[in-house]
Amino acid sequence: MAAPTAPTGGQHPVPTRIRRQLPTSPWLFAAPGLLVTGAFVLYPFVSTLVNSLTDRRTLLPGHFVGFANFRELLHDDMFWTGLRNSTLYVVGVVPALVVLPLLLALLVQKNIPGITFFRSAFYTPVVASVVVVGLIWVWLLDERGLVNSLLETIGIGRVGFLSDQWLLLLSAMAVTVWKGLGYYMVIYLAALANVPRELHEAAAVDGAGPVRRFLSVTVPAVRSTMVLVAALSSVAAFKVFSEVYLMAGPSGGPAGEDTTLVMLVQRAGTGLTGRVGYASALSVVVFAVTVALMLLVLRADRGEEP
């Protein structure tokens, strides 16, 4: 046993052995998390970068080919189709997921009888499986589904929600928005709870109506949360897979015109003859674009700061 050090300044003595072990203690606590991160995040990321520079296939190790996979992407028509659809998905989904959940949060933030039921109802699609949600909407929008039956009953006629290229993409966007409303609503509810009531009262005294108070008080107060929602939803929208895959099928809709980039990754990299190197190059492009989207959102937010 090491002798305790002499107390100084009225403090209790600290054994030398314990004092020597203190610098390494944080690493012992962080080690499990670091191991998990290294095994399931860092290693797959580095492996994807390395594979993108090879012609590796599922059952073959492959050889170094440099940037040949990336040059092939530039001449692949399906790559540009997937990039177009993923970009359109971001443009169509992100504004809706920034604005609509905020309006929904304003409606359910008041403590009135029965409001808990509506909060739970709006949040239910979030906890539901995306596969179940996608199949339900496929049944609703099918040629003989409920929606087309109602449209035919009122004289509009059947609409090819799942057979038309653009209607299918719009239908998938609607499913994504519907499923994400409750999640972002909860984020906005937390932000609205921190908005001082005195600001609304002062604006009301000055004669500001509900719309004016929303634009002048609520929006500036939750602007940082809106930026967060925009960043999260843009990344999720660009990486969309399940909704389009379930509604368009493995082929990506009519002639593959609704294929997204992540669907291309799945299509190229799976199977016994999967082109792992080419799929890895696609994954690197998806990663680079998502990082660029987040940086653009954050830069736009900084540009609006006074």
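Going by the structure above, here's the rest.
Residues numbered from 1 in each chain as written. Predicted model: local features only at pLDDT ≥ 70, side-chain atom pairs only at ≥ 80, totals over all residues. Heavy atoms only, no water.

(A) Seen up close, the overall build of the protein chain. Each helix and strand in the protein chain was counted, giving 14 helices and zero strands. Each helix (α) and strand (β) of the protein chain, taken in turn from the N terminus, gives the series α-α-α-α-α-α-α-α-α-α-α-α-α-α. The globule rule puts the C-alpha radius of gyration for 306 residues at 19 Å, and the 26 Å found for the protein chain is more than 25% above it. If one aligns the C-alpha atoms of the protein chain with their principal axes, the spans along those axes are about 90 × 70 × 40 Å. Split into buried and exposed, the 306 residues of the protein chain put 34% on the buried side. Intrachain contacts of the protein chain at a sequence separation of at least 6 include 65% that bridge at least 24 residues. Taken together, the 21 basic and 17 acidic charged side chains of the protein chain have centroids lying 13 Å from each other. (Helix = DSSP H or I, 4+ residues; strand = E, 2+ residues; numbered from the N terminus. Rg over C-alpha atoms; globule rule 2.2 N^0.38 Å. Buried < 20%, exposed > 50% of the residue type's maximum accessible area, 1.4 Å probe, protein only. Contact = heavy atoms within 4.5 Å. Lys, Arg positive; Asp, Glu negative; His and termini not counted. Charge placed at Lys NZ, Arg CZ, Asp CG, Glu CD.)

(B) Highlighting the packing of helix 4 (residues 77–108) against helix 13 (residues 261–269). Their axes nearest at 7 Å, the elements helix 4 and helix 13 cross at an angle of 140°. The orientation of helix 4 with respect to helix 13, classified from their angle, is oblique. From helix 4, Met78, Phe79, Gly82, Leu83 and Ser86 reach across to helix 13, where they touch Leu261, Leu264 and Arg267. Of the residues contributing to the contact of helix 4 with helix 13, the split by class is five nonpolar, two polar and one charged. (Axes fitted to C-alpha atoms, helices over the stretch in contact; angles between N-to-C directions. Parallel < 35°, antiparallel > 145°, perpendicular 65-115°, else oblique. Nonpolar A, V, L, I, M, F, W, Y, C, P; charged D, E, K, R; others polar.)

(C) Geometry of the pattern of salt bridges. Within the structure shown, the criterion is met by three salt bridges. Note that Arg275 is salt-bridged to Glu72, the shortest N-O span being 2.9 Å. Taken together, the residues Arg275 in the loop between helix 13 and helix 14 (276–304) and Glu72 in helix 3 (residues 68–74) connect sequence positions 203 residues apart. Here Arg275 falls in the partly exposed class, since its relative accessible area comes to 29%. According to the relative accessible area criterion, Glu72 is partly exposed, its value standing at 32%. Residue Glu152 is joined to Arg158 by a salt bridge in which the shortest nitrogen-to-oxygen separation is 2.8 Å. (Salt bridge = Lys/Arg side-chain N within 4 Å of Asp/Glu carboxyl O.)

(D) Molecular detail of the side chain of Asn51. Structurally, the position occupied by Asn51 is in helix 2 (residues 25–51). Assessed through its relative accessible area of 11%, Asn51 is described here as buried. With sequence-adjacent residues up to four places away left out, Asn51 is seen in contact with Arg56, Asn69, Val276, Gly277 and Ser280.

(E) Expanded view of unusual backbone geometry. Of note, Ala255 is a non-glycine position whose phi angle comes to about 60°, a positive value. Here Ala255 falls in the exposed class, since its relative accessible area comes to 72%.

(F) Focus on the packing of aromatic side chains. A full pass over the atoms with the stated rule returns seven aromatic pairs. Arranged with centres 5.6 Å apart and planes meeting at 70°, the rings of Trp137 and Trp178 form a pair that is edge-to-face. Here Trp137 is found in helix 6 (residues 130–141), whereas its partner Trp178 is found in helix 8 (residues 165–192), with 41 residues between them in sequence. With centroids separated by 5.0 Å and ring planes inclined at 20°, the aromatic side chains of Phe241 and Tyr245 adopt a geometry described as stacked. With relative accessibility at 23%, the residue Phe241 sits in the partly exposed group. Taking the ring centre of Tyr278 as reference, the NZ or CZ of Arg275 above it sits at 4.6 Å. (Phe/Tyr/Trp six-rings, centres within 6.5 Å; stacked < 30°, edge-to-face > 60°. Lys NZ or Arg CZ within 6 Å of the ring centre and 35° of its normal.)

(G) Region of the structure containing the environment of Tyr184. The residue Tyr184 is located in helix 8 in this model. Note: C-alpha distance between Tyr184 and Phe214 (30 residues apart in sequence) is 18 Å. When sequence neighbours within four positions are dropped, the list of residues in contact with Tyr184 reads Leu97, Pro101, Val229, Leu232 and Ser233.

(H) Summary view of a nonpolar patch on the surface. Nonpolar side chains collect at one region of the surface, where Phe45, Val46, Leu49, Val50, Phe287, Val291, Leu295 and Leu298 lie side by side and expose about 670 Å² of accessible area between them. Of all elements in the fold, only helix 2 and helix 14 reach the threshold of two or more residues within the nonpolar patch. With respect to the helices and strands, Phe287 occurs in helix 14. (Patch = residues over 30% accessible without salt bridge, like charges linked within 9 Å, V, L, I, M, F, W, Y side chains within 5 Å. Areas by Shrake-Rupley, 256 points an atom, 1.4 Å probe, with all protein chains shown as cover.)

(I) Looking closely at helix 4. Here helix 4 contains 32 residues, and its C-alpha end-to-end distance of 46 Å stays within 8% of the 46 Å for a straight helix at 1.5 Å per residue. At Leu97, helix 4 shows its largest kink, close to 25°, and the proline Pro101 lies no more than four residues downstream. Between a side-chain oxygen at the N-terminus of helix 4 and the backbone nitrogen of Met78 the separation is 3.0 Å; the capping residue is Asp76. (Expected span 1.5 Å × (residues − 1). Bend = angle between axes of the 7 residues up to and from the residue. Polar contact = N/O pair within 3.5 Å; in protein donor to acceptor, adjacent residues only side chain to side chain.)

(J) Layout of the nonpolar core. Of all hydrophobic cores here, the largest spans 61 residues; its most connected members are Tyr89 and Leu282. Excluding its chain neighbours within four sequence positions, the residues that come into contact with Tyr89 are Val94, Leu169, Ala172, Met173, Thr176, Ala237, Val240, Glu243 and Val244. (Core = buried A, V, L, I, M, F, W, Y, C linked by side-chain atoms within 4.5 Å.)

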